[in-house]
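Descriptive structure summary
This is what each chain is made of:
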Amino acid sequence: MDTATHFAMGFGLAALAHLDPVVAATPGLAEAVMLGTVIGSQAPDLDGLTRLLGSSAYIRNHRGVSHSIPALFLWTTAIFLFIQSFMTQAYWGHLLAWIFLAVCLHVFVDLFNAYGTQGLSPFSKKWIALNWIFIFDPFIFGSHLVGFMLWMSGAQPGQVFMYIYLLIAGYYYLRYRMHKRATEAVVRSLKVEGEYTIIPTISLNQWTFVVKTAARWYVGEVHGTESIVLDTFTIKSENEWIRAAKADKKVQSFLYFTSLAHVEVREQSFGYEVRWFDLRYRARNLGRSHYMLVACVYLDKEGQIRDSFTGWIHRGEEQLAKKLDPEKEIQLG
């Protein structure tokens with residue numbers, strides 16, 4: 001989920017903690033639990049600091065190790081020791097439990113959007129993305145806001161958020177059913193054998209899809225039960241230029257993260273441009289469609305890498321051109 005929703009969930013868990021009679025009855029413990037759940041709800045996303053090392057480092061590491069099974073315990077322990085260092089709690093087991101719940105909830109809800117996590121690491125490096133919930137969901141965020149207003153008006157916070165989280169659990173089931181219905185609509189429309197990926201949008205009844213067959217990619221949208229194909233791409237066989245570009249560390253980070261990337265090779269005056277783009281992230285800019293998450297490599301005519309870029313492109317070709325220099329020579333490794 002987005003940062004704002006994770007923050008809201010941290011405060012929501014602090015409210016829910018008032019159902020714990022020890023938390024409700026112990027002076028200072030509720031405040032310590034609130035601090036712990038708010039920090040715990042954000043902690044796994046501290047991997048965002050890898051942006052300082054470049055966009056490819058961020059793409060490779062975001063929601064990776066920081067969202068793994070061992071990380072759940074490491075984040076919990078670090079936050080608990082931090083709080084205990086200046087807000088020592090006699091009932092430390094309750095504080096520890098609520099912090100752990102906050103960290104686990106962060107990783108759990110991140111499983112349901114398109115980006116996904118490596119939540120089973122180190123037992124599996126597979127990215128888990130269930131694709132039921134958009135990264136920012138107005139219903140989930142709005143439900144928390146309603147709960148906070150009721151809390152501030154004097155309602156019992158534990159009971160309020162117990163009902164809110166039961167409501168949200170029902171909403172997740174609804175989104176599962178809607179995702180299943182959208183998948184069935186695309187299968188009926190395309191009638192091809194392949195791997196179907198149905199992706200949520202901020203609109204309740206609109207989805208996007210990527211379908212990979214033996215020969216083609218299909219990219220499109222689902223509105224209700226009606227689907228439309230927007231782009232098709234012929235899957236390319238790997239050639240010497242693609243193999244040369246794969247030696248680039250930024251490309252390796254990109255392909256580590258996504259399996260839904262199409263590659264194209266274009267001949268240029270300086271040699272060749274090899275570009276992968278993640279088909280999950282299609283956008284329209286000034287009436288033209290483009291794919292926002294890309295990995296691009298410039299090769300000279302001998303197949304040597306001159307420059308490369310991996311990251312998000314929000315304004316199309318012009319923005320990408322400014323980031324790459326065909327005359328530049330880079331060092332690998």
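Residues numbered from 1 in each chain as written. Predicted model: local features only at pLDDT ≥ 70, side-chain atom pairs only at ≥ 80, totals over all residues. Heavy atoms only, no water.

**Focus: the sheet that holds strand 3 (residues 216-223)**
- A sheet is described by the order of its strands in space; here four strands give the open sequence 1-2-3-4, paired in antiparallel fashion. Among the strands making up the open sheet, the edge pair consists of strand 1 (195-200) and strand 4 (226-234). Between one strand axis and the next, the sheet turns by 20 degrees as a mean value, whatever way the strands run.
- Pairing of strand 3 with strand 4 involves eight bridges; the strand directions are antiparallel. Considered in strand 4, the bridge of Trp217 is made with Phe233. (Pairing = 2+ DSSP bridges. Helix = DSSP H or I, 4+ residues; strand = E, 2+ residues; numbered from the N terminus. Axes fitted to C-alpha atoms, helices over the stretch in contact; angles between N-to-C directions.)

**Concerning the packing of helix 1 (residues 3-16) against helix 7 (residues 138-152)**
- Running from N to C, helix 1 and helix 7 cross one another at 40 degrees; their axes reach a closest spacing of 10 Å. When the axis of helix 1 is compared with that of helix 7, the two are oblique. The two elements helix 1 and helix 7 cross, and the hand of that crossing is left-handed. Contacts between helix 1 and helix 7 involve Ala4, Thr5, Ala8, Met9, Phe11, Gly12 and Ala15 on the former and, on the latter, Ile140, Phe141, His144, Phe148 and Trp151.
- Classifying every residue of the contact of helix 1 with helix 7 by side-chain character gives nine nonpolar, three polar and no charged. (Parallel < 35°, antiparallel > 145°, perpendicular 65-115°, else oblique. Left-handed = near helix turned anticlockwise from the far one by under 90°. Contact = heavy atoms within 4.5 Å. Nonpolar A, V, L, I, M, F, W, Y, C, P; charged D, E, K, R; others polar.)

**Side note on the layout of surface pockets**
- In this structure, the largest pocket occupies an estimated 670 Å³ of space.
- For the largest pocket, the lining is made up of 32 residues, of which Phe134, Ile135, Tyr281, Met292 and Trp312 are closest to its centre.
- Mapped by element, the contributors of at least two residues to the lining of the largest pocket are strand 1, strand 3 and strand 7 (282-285).
- Partitioning the lining of the largest pocket into residue classes produces 17 nonpolar, seven polar and eight charged.
- Counted as a void, the second largest pocket has a volume near 430 Å³.
- Around the second largest pocket, the lining comprises 20 residues; the ones closest to its centre are Trp127, Ala129, Asn131, Ser259 and Leu260.
- Within the residue set of the lining of the second largest pocket, elements represented by two or more residues are helix 8 (157-190), strand 1 and helix 10 (249-257).
- Broken down by class, the residue content of the lining of the second largest pocket amounts to eleven nonpolar, six polar and three charged. (1 Å grid on protein atoms, 1.4 Å probe; cavity = no way out; pocket = protein on both sides within 12 Å on 5 of 7 lines; lining within 4 Å. Points joined across faces, edges and corners; volume = space filled by probe spheres on them.)

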